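Structural overview for review
For reference, the chains in residue letters:
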There are 6 protein chains.
Amino acid sequence: MNGTVVRNIHRADAGAIAALERLGVATVHEAQGRTGLLQPYLRPVWRGARVAGSAVTALCAPGDNWMLHVALELIKPGDILVVACMTENTDGAFGDLLATSLQARGGKGLVLDMGCRDAAEITALRLPVWSRAISARGTVKATLGSVNFPVVCAGIQVRPGDVIVADDDGVVCVPRADAAKVIKAGEEREKKEAVNRERLKKGELSLDLYGMRKDLEAKGLKYVDGPLE
Amino acid sequence: MNGTVVRNIHRADAGAIAALERLGVATVHEAQGRTGLLQPYLRPVWRGARVAGSAVTALCAPGDNWMLHVALELIKPGDILVVACMTENTDGAFGDLLATSLQARGGKGLVLDMGCRDAAEITALRLPVWSRAISARGTVKATLGSVNFPVVCAGIQVRPGDVIVADDDGVVCVPRADAAKVIKAGEEREKKEAVNRERLKKGELSLDLYGMRKDLEAKGLKYVDGPLE
Amino acid sequence: MNGTVVRNIHRADAGAIAALERLGVATVHEAQGRTGLLQPYLRPVWRGARVAGSAVTALCAPGDNWMLHVALELIKPGDILVVACMTENTDGAFGDLLATSLQARGGKGLVLDMGCRDAAEITALRLPVWSRAISARGTVKATLGSVNFPVVCAGIQVRPGDVIVADDDGVVCVPRADAAKVIKAGEEREKKEAVNRERLKKGELSLDLYGMRKDLEAKGLKYVDGPLE
Amino acid sequence: MNGTVVRNIHRADAGAIAALERLGVATVHEAQGRTGLLQPYLRPVWRGARVAGSAVTALCAPGDNWMLHVALELIKPGDILVVACMTENTDGAFGDLLATSLQARGGKGLVLDMGCRDAAEITALRLPVWSRAISARGTVKATLGSVNFPVVCAGIQVRPGDVIVADDDGVVCVPRADAAKVIKAGEEREKKEAVNRERLKKGELSLDLYGMRKDLEAKGLKYVDGPLE
Amino acid sequence: MNGTVVRNIHRADAGAIAALERLGVATVHEAQGRTGLLQPYLRPVWRGARVAGSAVTALCAPGDNWMLHVALELIKPGDILVVACMTENTDGAFGDLLATSLQARGGKGLVLDMGCRDAAEITALRLPVWSRAISARGTVKATLGSVNFPVVCAGIQVRPGDVIVADDDGVVCVPRADAAKVIKAGEEREKKEAVNRERLKKGELSLDLYGMRKDLEAKGLKYVDGPLE
Amino acid sequence: MNGTVVRNIHRADAGAIAALERLGVATVHEAQGRTGLLQPYLRPVWRGARVAGSAVTALCAPGDNWMLHVALELIKPGDILVVACMTENTDGAFGDLLATSLQARGGKGLVLDMGCRDAAEITALRLPVWSRAISARGTVKATLGSVNFPVVCAGIQVRPGDVIVADDDGVVCVPRADAAKVIKAGEEREKKEAVNRERLKKGELSLDLYGMRKDLEAKGLKYVDGPLE
């Protein structure tokens, strides 16, 4: 697959993407059984964004952003570009010119397992970017990779067309086929949490709310009065 | 002590806590002889907070936040919850529901040697949290740890009832018995620094202010005129 | 050179410094052939600053900031203090008193391959600081190093009088003798980028703008229609 | 798939496994187009082994080795057990009792993205193990994962039945369907390398052997006589 | 306590030390409820040693080994020297001269949360050393620390007189008062493991040996026949 | 200098190289005032070698070993090849074919701030190699760097013709012009250490041997009898 670009991909349903975006990363991650979370070293270049979109995937060589340029042609409005790298690398593969181009093509955001530069300009553009590092170090255009094949990005397999959800808590990948199921579980979780939040706000304990006392006792938890010293 | 919870602890004096909070982390750390500073990988979820309080301590297993729930019951107004982990782990053991509960119980802040999620919500709640990472990754409730026993958190031993001071510079632990002595040293340091700050502001050199020139010469420091190239 | 201080250094031309400051780190780094960028673990204590100045260099022992005090005497208005460390160390070698002093002497900023403390105060002073960590941990004054000799700071050799440019993207070092050449290349790059930015904004692809298609084809890039699944 | 075990998997052809084992990790990795290499933090517990086998995959929670026990039942002679973990974790999930069991079931080796303990005993047993760390830290049996589903282990997707090749250079994964093609490319590479090795041994330069001089010149490489200083 | 040396400490019973040494790190760690294991970044300079002894503790400044010299005077035959550092540091605080001295005083080994140099000579001397790094970098003698106070070394609190056990699996600390209890638990564990090892060697599964099937089923583990692809 | 190769360099005197090799890394590092030690993450591929030679330097792009091939042509018998990388990278830039070539050209060893592959073969060849990692990951030949210009390798500036000394303790660089001075200081140190070693072996304390007691007292060190608990 190295050296190959896939032009067309299945994309996720717009309604599903909107629903997942609203739920946010933490809820979506729980709702799909605590799977799909990219490693937490991916951090937002600026705080406060929340986006979801279909993944267009690219695989780059270390210190090389050629495939990122190739991938831009295949971005459709609402997509999120997901860039993996063949080995650990923090070079600044993406900057303000590419940010301008990604926005012009309708891209909603970027998840980049390399470095990002022009942090101030990207913040001013309000383009949401999650990256492994901020680094001004430039890259070359010399080695082929792939576009729109499955990649492992920050420890998680992302396939083109999977739904990427990203916010201040990180980045989660939802397989396209699972979106409906995850939304349902997420919305139920959200409702339950809204009720629980109110009860916790009034001072109720999660020990009681979630009925943990019996399990703790069964596991052998002991209380002593103290103080010990 | 694994599998045991201590209900009651000695807490530090409220006046002492207020004095230490006002002094801040850097001054307190110096005032107690450069000891007690937790490792600097603990970072605030949001910048700008400064808090102090008596430590309620919990020890969790990696990927597991059960003991954090148990500890919440023992929080009294003004306390700071200090959560250590048995091994290095960045999973998101604390989120907005627990934040709501901690605030409802009167907790002033959280120091967490694991990950924190719901960063945006916790920022909105203005609950001060210092953690090893931000990560949406959920945790389980399966393994016992302990509550209100001494723990090693980010490289420092914290005992229940020790005073925790935390701000943008990090987190420092003051043994309860040392609080008065540290406050005295800290306030003296503060006074001296206020004077020094004014003199430095006027352009005086620290070399002269602190009388370092003689020691430097004794160590053998040499000056050459240069430029060398 | 350990144990020696050079009093006088050649400084870069003020006009050159101003021009490099305006260009910013990413452009300068590209303009000098992708060299001179300090490692990206150096991060600004606060976001939004951009400065350039002649480097005054200091080399400190781990956990020791003595040479930083010595260096302050040699700072002239507009200089940037560059502090290297003999081994990896995150201790808080610089705080608000030294910040006050550096500003009083006319220093424009600090690049510190150790830790920085008093982050809130330094932010309030608007003194631009790039450091390896934020840490309240205090340092001693016991071991000699050097001032105004070449140092390796965050992976790059910096000589006294080199131009340091720093912003949200990191820190780059321009050898004094290369400044004019770099400015020329940087300004040309900037002009070209301004044109390209407009074209990209209109939706043109970088593949076409930079004429990459032929090279990609020559390397063997293949397109398939897809979708594959 | 969490909470599920797949009993039967397709295994790779024994002849293919033997051929890949003979080629070794570096050749296999090149032969499949520089893909499939697990991250180099996986290191052998003892040096000098080289093995290949069909992957039986397990996914464990951090600090928990329950699924490893479940996977042992499904090991067939010649298999290699590949254990991924939900988050980064170095706890000692595998020790001499499990090593005894893995050998008794005919397992040829273990690739473990967690820690390994009983390093001395495992070395004495000559069981080849690649792990992220050596750590005596024990694990619990409390959280379900999966067995024989695709996992991401040390940055690479491994599916049950893929061929794992491991030696002192690390661990590479060959998709079962690609084995024949990779063997062919690897053996050709090996033949070419044997010839090249002899020529290099006689002092011929790789610049000439691989005909690089023209490409270097085309890229603009310049030679100067020197010495420069 | 900085700046203070405690001359006399309680030491553990020689019989207890011998028993713990025989059990080894992994068994001792399990036998005391999975506590007390120093972080796994401490690695032996050479493989194959196993030692136990009473801890003599020292706390050093980064880049400074002065207190290590002070501690040597207090070493009694059979002791293990445990050296903590105020911040993360890999400088070579211990080399062949100190190794000669430690052996001459009867010291059985060294646990060092800094770097070790003269690795070849120390290997030749067969002095067991566990350290954070191997580094030739020399240290100074300029800053006071403490000797024979409790220290946090590699994440674990070690008090003078605690029993240190170290082998290829790492380093574990047993509080002196717990030694008898840990030995009893460890020897029982050892007996049980000997039986289990024989049964596993014959091909029995740990699933059956430890009766895990029921718990797995209760947690909801499902089996499917497969193969899935 | 990127894109340029310097054919001829000054080399160090053969006698000086032999003398430095005999002294070894730790002694040489001390003898030149604790400077010049490359960062300790560089580790030998196999233990037990000690070499010294004149540095031939190369600078490579991440994931690219082209300049290493170019540098091989310039190796003269006794040289050590020093390879720096533009950014942090662990890819396997050097393997058994290049090792064969380096030996055929008379090269004595390799210092590589990237990864090394074919670890078993290189060990069998007894070619001394120090690298940042062992990794089978192959590299490309696409981007120019430089040969025989000063480079920063593992944190230290190395100029062509500097003397590199490497053994199990790491790698140290001695500027060619300093060799004689360093040898003299090293040999004196060695003599003094031989005497001290004998005295320490007999049980004398370094506190007395080096006369530290007075300095410790002057700094305020206090002794208490203890035990404290």
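Let us look at the structure shown here.

Conventions and cut-offs
- Residues numbered from 1 in each chain as written.
- Chains lettered and ligands numbered in written order.
- Predicted model: local features only at pLDDT ≥ 70, side-chain atom pairs only at ≥ 80, totals over all residues.
- Heavy atoms only, no water.
- Phe/Tyr/Trp six-rings, centres within 6.5 Å; stacked < 30°, edge-to-face > 60°.
- Lys NZ or Arg CZ within 6 Å of the ring centre and 35° of its normal.
- Buried < 20%, exposed > 50% of the residue type's maximum accessible area, 1.4 Å probe, protein only.
- Helix = DSSP H or I, 4+ residues; strand = E, 2+ residues; numbered from the N terminus.
- Contact = heavy atoms within 4.5 Å.
- Buried area = accessible area lost by both parts, 1.4 Å probe.
- Salt bridge = Lys/Arg side-chain N within 4 Å of Asp/Glu carboxyl O.
- Polar contact = N/O pair within 3.5 Å; in protein donor to acceptor, adjacent residues only side chain to side chain.
- Nonpolar A, V, L, I, M, F, W, Y, C, P; charged D, E, K, R; others polar.
- Pairing = 2+ DSSP bridges.

**Some details on the packing of aromatic side chains**
Throughout the structure, instances matching the rule amount to 0 aromatic pairs over all chains. Sitting over the face of the ring of W46(C), R126(C) holds its NZ or CZ atom 4.0 Å from the ring centroid.

**As for helix α4 (residues 96-104) of chain F**
Of all the 9 residues making up α4(F), 7 are buried; the element is thus mostly covered by neighbouring parts of the structure. The set of residues buried in α4(F) consists of D96(F), L97(F), L98(F), A99(F), T100(F), S101(F) and L102(F). Those residues of α4(F) that are buried are in contact with α6 (179-201) and α7 (206-209) of chain D together with α3 (66-72), β5 (92-94), β6 (109-116) and α5 (119-125) of chain F. G106(F), located one to two residues past α4(F), shows a positive phi value of around 95°.

**Section: the interface of chain E and chain F**
At the interface, 41 residues of chain E touch 39 residues of chain F. Between chain E and chain F lies a buried interface of about 3500 Å² when both sides are counted; carbon and sulfur atoms form 57% of it. Here chain E and chain F share 5 salt bridges between them. Residues R197(F) and D96(E) are paired through a salt bridge, measuring 2.7 Å at the closest nitrogen-oxygen approach. At the junction of chain E and chain F, the tally comes to 19 residue pairs in polar contact (both at pLDDT 80 or more). At the level of secondary structure, the elements contributing two or more residues to the side of chain E that touches chain F comprise β1 (4-6), α3 (66-72), α4 (96-104) and α5 (119-125) of chain E. Looking at which element gives the most residues to the side of chain E that touches chain F, the answer is α4(E), with 6 residues. Per-class residue counts for the side of chain E that touches chain F are 19 nonpolar, 12 polar and 10 charged. Sheet topology places β1(E) next to strand β13 (residues 222-224) of chain F; 3 bridges connect them, and they run parallel. By the bridge assignment, T4(E) is partnered in β13(F) with K222(F).

**Regarding unusual backbone geometry**
Of note, the amide linkage connecting G226(B) to P227(B) takes the cis form, showing an omega dihedral of -5°. Relative to the assigned elements, P227(B) resides in the segment after β13 (222-224). Despite not being glycine, R34(D) shows a phi value in the positive range, around 60°. Relative to the helices and strands, R34(D) is located in the loop between α2 (25-31) and β2 (43-44). Overall, R34(D) belongs to the partly exposed group, its relative accessible area being 25%. With a phi close to 65°, N148(F) is a non-glycine residue in the positive phi region.

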